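# An overview of the molecular structure
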Amino acid sequence: MWWVIGVLISMMCANYNYNQTLSQSIITYRNQLLLLQIPVLLKIAPTKEEITKATMWFVLFLWVIYFLQLNNPYVIVHDEKLMERFLEKGEVLIVPGTVFAAIPIFYYLGIIKNNFDFKSLAIVLVCFLFLFFMQNRSMLFSVTVLIGWTTLTIKHKNKWLILLIMAVLVASVAYSTADVWNALFEETAGQVDNEEYDRNKAYRYFIYEASPNIWCYIFGNGLLSTHATRHMINISAQGIFNSDVGFVGYWNYFGVFPIIVTTLMTVPVVFKKEHSHFLRCWAIQILICGLTVWCWDGYKFLFWALFYYLYYYELEENEAETQQQIEESYG
């Protein structure tokens, strides 16, 4: 509810500060209607296993698309700038939907943590390798951290043997892909220190310059249409994009309410042990990637909606278990 309120109030800011009519805002905000996926999920009520199985099949489909693109980059229509970078510099063409490869990883990391088996490890590797080939640094970094954390907290009688096997496996993969990791690290290090790097410019702009008054800092500037103002065209020409700066970019659009809702859902999941390792990994990933990208745009809305749904799914599960224990104690 508060999320929706924040989005609606931001329309008023767009109208007052940029003369964008409410009817134009309704059209421009149409992607926010994807929030309706949440009540649909609540009605369908899929289990964790069903969601994981569906996303695993989707990852296998993405692998097929990836190999097809190797031979023909025009299999999927990409924007002109991305195709230009690919054709001139040989950069990786990101397959849309890459973010969903993380979901099976989260689920099977939960199994590995509590009851290690090689089948689960193999599935994690299949999904992780896909993320590696996509070279999305935010996703790759967050998932790598989660795999390392899970490995160190495995509960198994042969924990040290498992750790040794994992260490050998990680060392082998790291050695064979060292060039790629070095290139990603050097690129990141160079960008962090570069004041003219687009993401650094975007942070400075949205934090210090974008909001004309205190109300816009609280309620957002609104999602502006190019039909109402040239503002978005002007900042885009400077390499400044909301989508590059995660929570900061979304806050600039819709204010603090959506960010508060996200924080109040994800942070407690990380620290409360009654939540599954599956959901804790998901929450950590959202918080880490929230610094650079967001999951409230296009198909990524479904990624967030699934987390939102499973959050309440687990709350109901825990409540039912507690009620059952109370009933059994009074037998």
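Look above for the structure.
As a further point, take the packing of helix α8 (residues 137-152) against helix α16 (residues 277-289). Relative placement of two packed helices is described by the angle separating their axes and the distance separating the axes. α16 packs onto α8 with a crossing angle of 145 degrees between their chain directions and a minimal axis gap of 9 Å. Crossing of α8 against α16: the hand is right-handed. Contacts between α8 and α16 pair Ser138, Met139, Phe141, Ser142, Leu146, Trp149 and Thr150 from the former with His277, Arg280, Cys281, Ile284, Gln285, Ile288 and Cys289 from the latter. Here the contact of α8 with α16 is built from residues that sort into eight nonpolar, five polar and one charged.

Membership of the largest hydrophobic core comes to 86 residues, with the highest contact counts inside it found for Ile105, Phe206, Trp282 and Phe307. Here this core takes 10 residues from helix α17 (residues 300-330), the largest share from any one element. Other than its neighbours up to four places away in sequence, Phe307 contacts Met265, Thr266, Val269, Leu279, Trp282, Ala283 and Ile286.

Moving on to the side chain of Arg280. As for its placement among the helices and strands, Arg280 is situated in helix α16. For the buried Arg280, which has no salt bridge, the nearest side chain bearing the opposite charge is Glu274, at an N-O separation of 8.6 Å. A distance of 2.9 Å separates a polar side-chain atom of Arg280 from the backbone oxygen of Val270. If we ignore the near neighbours within four places in the chain, the residues touching Arg280 are Trp149, Val269, Val270, Lys272 and His275.

Calculation rules
Residues numbered from 1 in each chain as written. Predicted model: local features only at pLDDT ≥ 70, side-chain atom pairs only at ≥ 80, totals over all residues. Heavy atoms only, no water. Axes fitted to C-alpha atoms, helices over the stretch in contact; angles between N-to-C directions. Helix = DSSP H or I, 4+ residues; strand = E, 2+ residues; numbered from the N terminus. Left-handed = near helix turned anticlockwise from the far one by under 90°. Contact = heavy atoms within 4.5 Å. Nonpolar A, V, L, I, M, F, W, Y, C, P; charged D, E, K, R; others polar. Core = buried A, V, L, I, M, F, W, Y, C linked by side-chain atoms within 4.5 Å. Buried < 20%, exposed > 50% of the residue type's maximum accessible area, 1.4 Å probe, protein only. Lys, Arg positive; Asp, Glu negative; His and termini not counted. Salt bridge = Lys/Arg side-chain N within 4 Å of Asp/Glu carboxyl O. Polar contact = N/O pair within 3.5 Å; in protein donor to acceptor, adjacent residues only side chain to side chain.

Purely spatial values, then, with no claim about function.
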